[in-house]
Amino acid sequence: MTMIETPESVTAITLAAATAGRSRRRALLRRATRDRGAVLGAVLFVLLVAAVATAPLLSPFDPTSIDPRHALAHSSRLHPLGTDLLGRDVLSRLLHGGRTSVAAALAAGAGVATLGLLFGVVAGTIGGAVDTVIMRLVDILLALPLLVVAMVAVGLLGGGTDKLVLTVILLGWPVHARVVRAVALSIREQAFVQAAAALGASRLRIMLRHVVPGVTGAVATLTMIELGRFVLVLSTLSFLGFGVRAPNPEWGAMLADARTSFFLAPRLLVYPGLAITLLVLSVNLMGDGLRDALAPAD
């Protein structure tokens, strides 16, 4: 016996899907908060972001102020982390440099997630020739080494943090698009989506109302995991001289500046390196915790 789909049955299916979605979100929150690694990562990430966000209040000196009389000074009450080769306060440069590093990584992550979500949802929902064209473009971009192509692109466009972020966004979205497409293909076959299409819902409505909410979990998890990679890529490019302009601070650029005084003051390499490590560790812990929370229960 074939079941006849009526507006009432479709409404019931949609309401059931919405209720199930709320239950899944509550269960996700409970599983995520039970993961000690994820909680530790979240706390560490919040502390780092809060510190760099309030850099003007916490930093004791102007990060670009030069004082040759106190060059390579050791830790003291005046300079808690000492000074660099030009007498600039390391703590001030670390805090202000973190604002650039964290903001650039977050901007790159948001841009990559947005483009990946857009192309992935369109490819997975519409299918056909549109899906083929988008996936071939994804294959081409995934075949390119991100760091090498970013160096060439930034070299042609000119240095600067904005150029770095734009380059990472344009080269980094294919991974997200492929994952989102796979999830969108699965959602497209669900009963409530088929019912909405049978009632004449447009593809745009289906994408916005059903597919996009269904892929947000995958997008958030992948973005969190990829954020650590973006931090490393952006820091590497800044270390190689493609980032901020001197004398403005940035963690990768601080590592590059510390090379000349490595044997005199190796601590100048330790501080920005430790900051990058803690930031990458925090987002990786959060990403792993979110991935485990979203995994189907046994």
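Residues numbered from 1 in each chain as written. Predicted model: local features only at pLDDT ≥ 70, side-chain atom pairs only at ≥ 80, totals over all residues. Heavy atoms only, no water.

Taken as a whole and judged by the stated rule, the model has 10 salt bridges. One salt bridge connects Arg-93 with Asp-257, and the closest N-O pair in it is separated by 4.0 Å. Of this pair, Arg-93 sits in helix H4 (residues 90-126) while Asp-257 is found in helix H10 (residues 251-258), placing the two residues 164 residues apart along the sequence. With a relative accessible area of 4%, Arg-93 lands in the buried category. Between Arg-181 and Asp-131 there is a salt bridge, and its shortest N-O distance comes to 2.7 Å. Taken together, the residues span a long stretch of sequence, with Arg-181 in helix H7 (residues 161-188) and Asp-131 in helix H5 (residues 128-142) at a distance of 50 residues. According to the relative accessible area criterion, Arg-181 is partly exposed, its value standing at 22%. Relative accessible area serves as the criterion here: at 11%, Asp-131 is assigned to the buried category. What emerges from the salt-bridge pattern is a single network uniting Asp-84, Arg-88, Arg-93 and Asp-257. (Salt bridge = Lys/Arg side-chain N within 4 Å of Asp/Glu carboxyl O. Helix = DSSP H or I, 4+ residues; strand = E, 2+ residues; numbered from the N terminus. Buried < 20%, exposed > 50% of the residue type's maximum accessible area, 1.4 Å probe, protein only.)

Turning next to H7. Between the first and last C-alpha of H7 there are 39 Å, a value that for 28 residues agrees with the 40 Å anticipated at 1.5 Å per step. The largest bend in H7 comes to about 35 degrees, at Gly-172, with the proline Pro-174 one to four residues further on. (Expected span 1.5 Å × (residues − 1). Bend = angle between axes of the 7 residues up to and from the residue.)

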